[in-house]
Amino acid sequence: MPPKMPIVVLISGGGTNLQAIIDATAKGELPVTIEAVISDKVDAYGLERAQKAGLRTFTLPYSGFENREAYGRALQQLIDEQNPQLVVLAGFMRILSAPFVEHYLGKMINIHPSLLPRHKGLNTHQRAIEAGDSEAGCTVHFVVPEIDAGPIISQARVPVYDDDSTDELAARVLEREHQIFTQAIGWFATARLQLNDGHALLDGKNIAI
Ligand code: GRF
């Protein structure tokens, strides 16, 4: 097992992706140490998951900050105090300021519940169903200032069935999120994955999606 990479995980909600990271780490499948879990929502269930796993947690609610930039500065300070080499956005539902994103360029990844570039933004499952898509899925990507537009690291596809509810589709996608997100974190932690000149590289080769 290579040396463990320190990471910080940002959440806003239920934290099933966080749980997948915790579980993979506990099983020895992911060479990372989760230095802290940070939530912008004080009632995020993911905070309980983190505490159960003995992880340090912080909450940084957006209210009280003047604007996105001010919030970004405070968040950056909190993250940098943990000295992570990777910042993992695991369902963190805030738009981040450009200076914040630039600060972590190539060191911050996100999971998005659609097959990007299709369905950027919110309500992806409902939009996939309404559009009559036969396939949906999820995407792991490096974070750049433009929302949901960063270089793609990996995707997983699932079928959309005629009678799918958004909850059913979301559950099917979420299962795959857990797999490809932990896989991508593992690639980064073992220095197989990097952002180079706007391209995601795996083992030195452009990831073609
Ligand atoms: C996931 O679908 C993620 O892709 C999206 O928010 C959801 C978070 O789920 N951005 P969880 O908090 O990891 O359970």
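Above: the structure in question.
Okay, so let's go over this structure. All of these numbers come straight from a predicted model, not from anything done at the bench.

Conventions we followed
- Residues numbered from 1 in each chain as written.
- Predicted model: local features only at pLDDT ≥ 70, side-chain atom pairs only at ≥ 80, totals over all residues.
- Heavy atoms only, no water.
- Buried < 20%, exposed > 50% of the residue type's maximum accessible area, 1.4 Å probe, protein only.
- Helix = DSSP H or I, 4+ residues; strand = E, 2+ residues; numbered from the N terminus.
- Pairing = 2+ DSSP bridges.
- Core = buried A, V, L, I, M, F, W, Y, C linked by side-chain atoms within 4.5 Å.
- Contact = heavy atoms within 4.5 Å.
- Axes fitted to C-alpha atoms, helices over the stretch in contact; angles between N-to-C directions.
- Parallel < 35°, antiparallel > 145°, perpendicular 65-115°, else oblique.
- Left-handed = near helix turned anticlockwise from the far one by under 90°.
- Nonpolar A, V, L, I, M, F, W, Y, C, P; charged D, E, K, R; others polar.
- Near = heavy atom within 4 Å.
- Polar contact = N/O pair within 3.5 Å; in protein donor to acceptor, adjacent residues only side chain to side chain.
- Expected span 1.5 Å × (residues − 1).

1. What to know about the pairing of strand E6 (residues 135-142)
Inference 1: Buried residues dominate E6, accounting for seven of its eight residues.
Inference 2: The sheet contact formed by strand E5 (residues 108-112) and E6 spans four bridges and is antiparallel. Counterpart to His 112 in the pairing with E6 is Thr 139.
Inference 3: Note that E6 and strand E7 (residues 152-159) share seven bridges and pair antiparallel. Paired with Ala 136 across the strands is Val 158, a residue of E7.

2. A word on the nonpolar core
Inference 1: Counting residues in hydrophobic clusters, the biggest one holds 42 residues, and the most contacted among them are Ile 7, Val 9, Val 88, Ile 153 and Ile 185.
Inference 2: Here this core takes nine residues from helix H6 (residues 166-189), the largest share from any one element.
Inference 3: Other than its neighbours up to four places away in sequence, Ile 153 contacts Ile 109, Val 140, His 141, Phe 142, Ala 184, Trp 187, Leu 193, Ala 200, Ile 207 and Ile 209.

3. Description of the packing of helix H1 (residues 16-26) against H6
Inference 1: Viewed as axis vectors pointing N to C, H1 and H6 meet at an angle of 50°, and their least axial separation amounts to 9 Å. The angle between H1 and H6 places the two elements in the oblique class. Seen from above, H1 lies across H6 with right-handed handedness. Only Leu 174, Glu 177, His 178, Phe 181, Thr 182 and Ile 185 of H6 make contact with H1, whose side of the interface consists of Thr 16, Asn 17, Ala 20, Ile 21 and Ala 24.
Inference 2: Per-class residue counts for the contact of H1 with H6 are six nonpolar, four polar and one charged.

4. Concerning the site of the ligand
Inference 1: Residues in close proximity to the ligand include Gly 13, Gly 14, Gly 15, Thr 16, Asn 17, Gly 91, Met 93, Ile 111, Pro 113, Leu 174 and Glu 177, which together make up its full environment.
Inference 2: The separation between an oxygen atom of the ligand and a polar side-chain atom of Thr 16 is 2.6 Å.
Inference 3: Within the side chain of Glu 177, a nitrogen or oxygen atom sits 2.8 Å from an oxygen atom of the ligand.
Inference 4: Going through the elements one at a time, H1 and H6 are the ones with two or more residues in the shell around the ligand.
Inference 5: Of the residues contributing to the shell around the ligand, the split by class is four nonpolar, six polar and one charged.

5. Observations regarding helix H3 (residues 68-80)
Inference 1: When the terminal C-alpha atoms of H3 are compared, their 18 Å separation across 13 residues agrees well with the 18 Å that a helix rising 1.5 Å per residue should span.
Inference 2: If you check which residues of H3 are buried, you get Ala 70, Tyr 71, Gly 72, Leu 75, Leu 78 and Ile 79.
Inference 3: On the buried face of H3, the contacting elements are strand E1 (5-11), strand E2 (32-39), strand E3 (57-59), strand E4 (86-89) and helix H4 (98-103).
Inference 4: Its side-chain oxygen 3.2 Å from the backbone nitrogen of Glu 69, Asn 67 forms the N-cap of H3.

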